[in-house]
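Letter by letter, the chains look like this.
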Amino acid sequence: MRAGAEAISHAVLVRWSPGWGRRDASVHLLRSVVILALILGVFVGRAAAQDDGADAGQSEREALDASNTPRSTGEVRIELERFGLARSARSVGWCGLRVRLMDGAREPRSVIVRTELPDPDGDTCAMERVVTLNPGVWQGVWLYAMLSPTSGVPSLVSVYEAVEPGEGAARDAGGSAWGVGRLLSRESLAIPPTISSTESIIGVLGDALMGLSDYAMPLSSSERWRPVGGELSIVEAGLTPRDLPDRWMGLEQAEVLVWAGPADPAELGPERAGALREWIARGGHLVVVLPPVGQRWTDAQRNLLHDMLPAVTIRRRTGVDMNAYLPLLTSVGGVALPTNATVHELIPLANAREGAAQRVLSGPGGECVVARRVYGLGAVTLVGLDLTDAGLRAQGLPRSDVFWNRVLGRRGDHFSAAELMTAQNAQPGFAPSRRMERAPDAWIAAEIAKTGKAARGVLLGLIVFIVYWLVAGPGGYALLKRRGFGRHAWLGFAGAAGLFTVIAWGGASAIRPKQYEITHVTILDHVAGQPVQRARTWASALMPTYSDVTISIGREGGEQLDGVPLHQAIGVWSPAWESAGRRSFPDSRAYRVDAGDPSTLRLPSRSTAREFDMRWLGAPVWAMPRPVPPMGVEESAAEQPVLGLEGSGRGQLTGWLEHELPAPLTNITVIVVEGQRDLSVRSGRARPGTTSQIDMTSIAYVFRPPIETWSPGERIDMGVATRTDARVGLDQSRALSYLNRLASAGVSLDRGFGLDDSGPARGRTDEVLALTLFSQLPGFDAAAPPTSEQPLMRRADGHGLDLSRWVTTPCVIVVGEVDAAPLPTPVRVTSGGVGHELVSRGRTIVRWVYPLSDSPPGVRGEAPDAGEAGGT
């Protein structure tokens, strides 16, 4: 191509040379443009040749292109069974889609079932699974995809013949070696509308709602939040064990699963039980309400989740008067409850290890009726009260703000529509719709955006263009004319064009990235004594090639928990708060992903950055804080050091801590939860907006000099770190003040996006703490001035990061930041079969939870009217 360009250039010069000095300006300009185009053609030709050589996946992309696929033969019937958990799914995050298929073939055959979504960069992500169909039999299959503001919903489902690979066939983009054959069927399914990205989901196995519907009552159809609380939780009831997905990604939409029906847990089967197990280990909360008769949870042979249950002996008691348990179900007295109910007493085993049998709530005689087991980052809770009893339902019990708040770790009063209307008419300033929306997770996109290098390139281009315009235009012409060479202006223009083309090309090549880089925000969680850590990473990965690049998360060989393989997940990410339209490259392409194991993406790279959402769970990667002996005392295997409460009720700790993180811990906050307040009933009903109380007693501490920075290997006396002059809260009421301050953290959604000035010394710790204690943040307060806008916290990308469940039992939560350290999430990048070193930079937030000895709240008799209730 270069030789051809030179020949054409020579011919043009010879043809036009006699009259160059006498042509008018338009002819000069035309010649110059032709010459410049020829010069650029040489460089573009070279670049195209390089790209053609690097594009090894072209044939595969052509096979994925729907326009090249023959018309569907309709051999397989496709129908929608479920979308999301049941009928609801948030518009962002991982989502499950279950379809059922019936094959009209004569013999069983393997097929590829696929759904396609555009990713945020305009490429097509084909999520697929391989299944074997039997003729004339309906068979279900789950597909999983990551939804984003730009992707829409996975409504198009296709079925292809699966071409069995030959011996030694290479694995392709989705980790599958199966080839794509004929298109058998394609169907556009009627997908239900998604719910808002700022709403959570509670799933219920069984038909009883048990007061959970209180969390789903919005202020109005246009104001989607709880009247005097915060986030709405859509309740999906009527689920059965067979409705649950076979991968944890399908459960990711749910914050809590409540199993309250008579269904046998053996109906789960190995795959669904494994998915539920992994979802819990990743932070999910399974609540099992034991049925009055026929409970099968203690059957170790048939219940695949038996080892995850609290280590308790279940003692069934019949003929129980539930009136004695009234304070656990409501805060208002004068309610008649059943007197012949069934209650299961949960007796912790004497040899239960720490965290295996935490008592959460006890009855009036001190008998445990709600117990919990910590499992990974999540928990399994047993409830011994029959919350499905018809007598309780008739009284509208249990109340969510009394019972469920103390089990789930939530906050906020519930009032009926009539009570809210009465308050609005009677209370001056009662205007819960006047709220200032803030998002503690809206800063993540700006934190990982790679704008610096792009800005350098734009600046270079602008400078080169300005200098080129001056030299090739008026500046160069004036200089030539001054020296008497004005008639050669065309030659100067052509020379300047060629010179600056080389400069621009060389400059672009010089600043073009040469290595794989990743900028990230990672939240790394660990519960003391648990064998796994969880990492949630948002990353912008710069891939400096024009070829297909494979990016994977997880260690070589995979991860397991209790002998069950774990499934990591990575997806191309778009911020939920992003309001911009879909972006797309001109050469948009398709890539395949194994919907059952989306731990690997092989996708097109264009020497630019892509943003990812990575979900990893596995054996510990960083050495988190741990109790150690005091300074100067050697560790002994015979006596394990522990943390404990000082015992005065002032939130002070005893014991020492040490960590071996790869860098110092900064911006440290320690939250000490001593337990729940006692339960009682009152003679009156509180008015909406007048109670700002929380159900826990806790203190928050911010580390200050000389322990503002905690270095690896440094032992800290927590008795000193949590003394009075180091704490944020000086008494129980300050815990409420601290949460009120967190409610103002984050980006204001009413005033546009941008970095919030929460203070450089604290970095983004307050926003992370707001996500950490999201369900404990305050709601509407009618005592505030009528003209003030109260914070309303909203989260979209931060679902699944709430640790508020931990405030229901005594514990210590340590939150801090680690900078200038490697990315903790195991990530591997390969291109052309060659592995590449990944240079990482960014912020890792460490959250460590240490369970303390349980201390369930007491049950007291009738208390004074709640109208003057205060906070703790």
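Everything here concerns the structure above.
Because the structure is a prediction, the values reported are computed rather than measured. (Residues numbered from 1 in each chain as written. Predicted model: local features only at pLDDT ≥ 70, side-chain atom pairs only at ≥ 80, totals over all residues. Heavy atoms only, no water.)

## Here's the deal with the pattern of salt bridges
Following the criterion strictly, the structure yields 48 salt bridges and no others. For E75, the salt bridge identified is with R109, shortest N-O distance 2.9 Å. Taken together, the residues span a long stretch of sequence, with E75 in the loop between α3 (58-64) and β1 (76-83) and R109 in strand β3 (residues 109-118) at a distance of 34 residues. Look at E75 and you get partly exposed, because its relative accessible area is 26%. One salt bridge in this structure joins D264 and R302, with 2.4 Å as the shortest N-O distance. Within this pair, whereas D264 is found in the loop between β10 (254-259) and α4 (269-281), its partner R302 is found in the loop between β11 (285-289) and β12 (312-320), the two being separated by 38 residues in sequence. Using a relative accessible area of 5% as the deciding quantity, one classes D264 as buried. (Salt bridge = Lys/Arg side-chain N within 4 Å of Asp/Glu carboxyl O. Helix = DSSP H or I, 4+ residues; strand = E, 2+ residues; numbered from the N terminus. Buried < 20%, exposed > 50% of the residue type's maximum accessible area, 1.4 Å probe, protein only.)

## Remarks on the nonpolar core
One finds L101 and F612 to be the most contacted residues of the largest nonpolar core, which totals 134 residues. When residues in this core are grouped by element, the largest group, seven residues, is from strand β5 (residues 139-147). Beyond its immediate sequence surroundings of up to four residues, L101 is in contact with V76, R77, I78, V113, V131, L133, V137, W138, Q139, V141 and V159. Among the nonpolar cores identified, the runner-up in size contains 37 residues, and M322, L328, V370 and L385 belong to it. (Core = buried A, V, L, I, M, F, W, Y, C linked by side-chain atoms within 4.5 Å. Contact = heavy atoms within 4.5 Å.)

## Describing the sheet that holds β3
The sheet built from five strands is open, its strands ordered β7-β6-β3-β4-β24 with mixed pairing. Two strands bound the open sheet, and with one partner strand each, they are β7 (179-188) and β24 (590-594). Strand after strand, the sheet turns through a mean of 30 degrees between neighbouring axes, direction not considered. Pairing geometry for strand β4 (residues 124-133) and β24, over five bridges, is parallel. For T124, the partnering residue across the bridge sits in β24 and is A590. (Pairing = 2+ DSSP bridges. Axes fitted to C-alpha atoms, helices over the stretch in contact; angles between N-to-C directions.)

## What to know about the environment of Q530
Positionally, Q530 belongs in the loop between β18 (516-527) and β19 (533-543). The class of Q530 is buried, set by a relative accessible area of 8%. Here the alpha-carbon distance between Q530 and P620, two residues 90 residues apart in the chain, equals 9.2 Å. Residues contacting Q530, with those up to four places away along its chain left out, are R353, V374, Y375 and G376.

## What to know about the sheet that holds strand β16 (residues 378-383)
Spatially, the seven strands line up as an open sheet ordered β9-β8-β10-β11-β16-β15-β14, and their pairing is mixed. The two strands at the open ends of the sheet, each matched to only one other strand, are β9 (233-239) and β14 (358-362). Each adjacent strand pair in this sheet contributes to an overall mean axis angle of 20 degrees, direction not counted. As defined by bridge partners, strand β8 (residues 200-205) adjoins β9 across five bridges and the pair is classed as parallel. Residue pairing for β9: I201 is matched across the bridge by I234. Where α4 meets the sheet, it contacts β10, β11, β15 (368-375) and β16, and its direction lies at approximately 125 degrees from that of β10. Across the sheet, helix α7 (residues 400-408) touches β10, β11, β14, β15 and β16, and the angle it forms with β11 is around 130 degrees.

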